[in-house]
Structures are given as structure tokens and as C-alpha cells.
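# Overview (structure and organization)
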Amino acid sequence: MTVKIDKIEEASPYKNVETQGESSSDVVWHQASVSHEERIASNGHRPAVLWFTGLSGSGKSTVANAVDKMLHDIGCKTYLLDGDNVRHGLNGDLGFSDEDRVENIRRIGEVSKLFVDAGQLVSTAFISPFLADREQVRSQLKSGEFIEVFIDTPIEICELRDPKGLYKKARAGEIKNFTGIDSAYELPVSPEVHVKTAEQSVEACAKQVIDYLKSHAYIDM
């Protein structure tokens, strides 16, 4: 069988390096056959990033895990990106300077966008100490796709918990650039969900997040 091939257009589908100021100017977006809307319809719920932020020891990972489990149990398509886990692989080349913290969050923001594009509810548990970094991630998503969950726990409680012994090391000068000790944590201005782990159980904290998702029609249960 002979297949007729139409004349190839002379114009290149790639951007011109000389006229573009982007470092990836020769890269073009490949449109997937399955649309974002079709993925959402298949999953049966609205996608979003649940961005858990707070001090080390505040309970971010614990609450995020509980929320992820609750969502999974009702059939939602979910994934959890944990700060420590990601530093074992994707961000294993980064340290804890302010510059590396910024890059750490930039990468996680990009990964989160992929999960949202897949129509999923993705939870991220990162200290993410800088307001500008969190807002940068928010700005890259559509309205309603970024849900900031402030795990608000007094540093005194975090130090008492100190599950990894990091505060003790930071106080002894063994760890530098530790958030809350010698590196700043910038409080969320108006988080969508404000959780106080020192005042309620893990289950109650997780339910607070689930209730937000229900009341704002992300999930139907």
C-alpha cells in the first residue's frame, strides 16, 4: 500500500533561538490526546494541590497522610509528596540554604502541576518557609487549584515533639539554616485551611481539610 505524503512545510515547528529569550526555546508543548477535562471526568472529582506548610514537627506529614488516606478510601485519585521523601530522589542534590529551599519548592510546584493536570488531588508536605515561593506555585495554577493548608503549631510544641531530634541539633549549632531557629518562617497570610494540631487530634485535623473539600465541591461524599 502506498501512502501519499503531503509536502512538508518549510516553517519549523520549533521556536527560533535567536528571537526567544527562553532557555528551552527549542522545546514545544506536545498536546496529549486525553484532555485535562476528560481526566477530571474519569476521576470523578475536582483536582487541586493541598499545600501543607508549617514548621518542622508541626504535623504536616502526619495530617497530610491522614487526609490522603481518607480521600483514597472514598475513591479519589490522590498522591502525597513528602518533603523528606522527595529529597531522597528528585531533590537529592539540594541543601538547605535559602537558594536551595527556593529551588526545592519550585520543583515541587512543577511536579504538583503535573498531578493537577492528571486530574488528581495531590498533597504536598513541605515546610516551604517563604511566602513568595508558595505564592509563586499558586500563581502557576488556575483559581481554586491551590489550597494552602497552614499547619499552625507553636514552635515550643514542635520542639517538645522534635521527632527527628533536629531542634536539639539546631540549638547546639550542629545544623545551620534551620527554619524557626536561624532561618525565617513566613506565616501564611490567608490560608484556605488553618489547622491547629496542638488543639485537636490528627483525625480532627484531617477532617477539617476534608470538610473544606466537601464544602467547596471538590469532592462529593
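Details of the structure are given in the entry above.
So, here's what we can say about the structure. (Residues numbered from 1 in each chain as written. Predicted model: local features only at pLDDT ≥ 70, side-chain atom pairs only at ≥ 80, totals over all residues. Heavy atoms only, no water.)

## Quick word on the pattern of salt bridges
Pairs may arise between side chains of opposite charge once their charged atoms sit close together. Using the criterion set out here, one finds ten salt bridges in the structure. Note that Asp73 is salt-bridged to Lys69, the shortest N-O span being 2.8 Å. Residue Asp73 and its partner Lys69 are both found in helix H2 (residues 60-73); the two are separated by four residues, about one turn of the helix. Exposure remark for Lys69: the relative accessible area of 48% places this residue in the partly exposed category. Linking Arg107 and Glu103 is a salt bridge whose minimum nitrogen-to-oxygen distance equals 2.8 Å. With Arg107 and Glu103 both in helix H4 (residues 98-117) and four residues apart, the pair spans about one turn of that helix. One salt-bridge network, held together by shared partners, links Arg134, Glu135, Arg138, Glu148 and Glu192. (Salt bridge = Lys/Arg side-chain N within 4 Å of Asp/Glu carboxyl O. Helix = DSSP H or I, 4+ residues; strand = E, 2+ residues; numbered from the N terminus. Buried < 20%, exposed > 50% of the residue type's maximum accessible area, 1.4 Å probe, protein only.)

## Here's the deal with the environment of Thr53
Here Thr53 is to be found in strand S1 (residues 48-53). As for Thr53 and Asp152, which are separated by 99 residues in sequence, their C-alpha atoms are 8.4 Å apart. Among residues more than four places away in sequence, those in contact with Thr53 are Lys60, Phe126, Ile127, Ser128, Arg134, Glu148, Val149, Phe150, Ile151, Tyr185 and Pro188. Of the polar contacts made by the side chain of Thr53, one reaches the backbone oxygen of Ile127; its length is 2.8 Å. One polar contact links Thr53 to Tyr185, side chain to side chain, over a distance of 2.8 Å. (Contact = heavy atoms within 4.5 Å. Polar contact = N/O pair within 3.5 Å; in protein donor to acceptor, adjacent residues only side chain to side chain.)

## Observations regarding the side chain of Thr124
Along the chain, Thr124 falls in strand S3 (residues 121-125). Dropping the residues within four chain positions of it, Thr124 is found in contact with Val49, Leu50, Trp51, Phe52, Leu81, Ile108 and Ser112.

## Details of H4
Helix length check: H4 (20 residues) gives 29 Å between terminal C-alpha atoms against 28 Å at 1.5 Å per residue, within 8%. For H4, every residue scored as buried is listed here: Arg101, Asn104, Ile105, Arg107, Ile108, Gly109, Val111, Ser112, Phe115 and Val116. On the buried face of H4, the contacting elements are helix H1 (36-43), S1, strand S2 (78-82), helix H3 (83-86), S3 and helix H5 (131-139). Gly119 sits one or two positions beyond H4 and adopts a positive phi of about 85 degrees. (Expected span 1.5 Å × (residues − 1).)

## So, the pairing of S1
Counted residue by residue, S1 has six buried out of six residues, so it is predominantly covered. Pairing analysis gives five bridges linking S1 to S3, with the strands arranged parallel. For Ala48, the partnering residue across the bridge sits in S3 and is Leu121. (Pairing = 2+ DSSP bridges.)

## A word on the layout of surface pockets
Estimated volume of the largest pocket: approximately 660 Å³. At the level of secondary structure, the elements contributing two or more residues to the lining of the largest pocket comprise H2, H3, H4 and helix H7 (166-171). Among the residues forming the lining of the largest pocket, the class breakdown is eleven nonpolar, twelve polar and nine charged. (1 Å grid on protein atoms, 1.4 Å probe; cavity = no way out; pocket = protein on both sides within 12 Å on 5 of 7 lines; lining within 4 Å. Points joined across faces, edges and corners; volume = space filled by probe spheres on them. Nonpolar A, V, L, I, M, F, W, Y, C, P; charged D, E, K, R; others polar.)

## Looking at the sheet that holds S1
Strands sit in the order S2-S3-S1-S4-S5 across an open sheet of five strands; the sheet is parallel. Each end of this open sheet is capped by a strand with a single partner; those strands are S2 and strand S5 (193-195). Strand after strand, the sheet turns through a mean of 15 degrees between neighbouring axes, direction not considered. Across five bridges, the pairing between S2 and S3 is parallel. What sits directly across from Leu80, in S3, is Ser123. The sheet contacts of H4 involve S1, S2 and S3, and relative to S1 the element is tilted by about 150 degrees. Docked against the sheet, helix H8 (residues 202-215) engages S1, strand S4 (146-151) and S5, running at close to 170 degrees with respect to S5. (Axes fitted to C-alpha atoms, helices over the stretch in contact; angles between N-to-C directions.)

It is worth stressing that arrangement in space is one thing and function is another; only the former is reported here.
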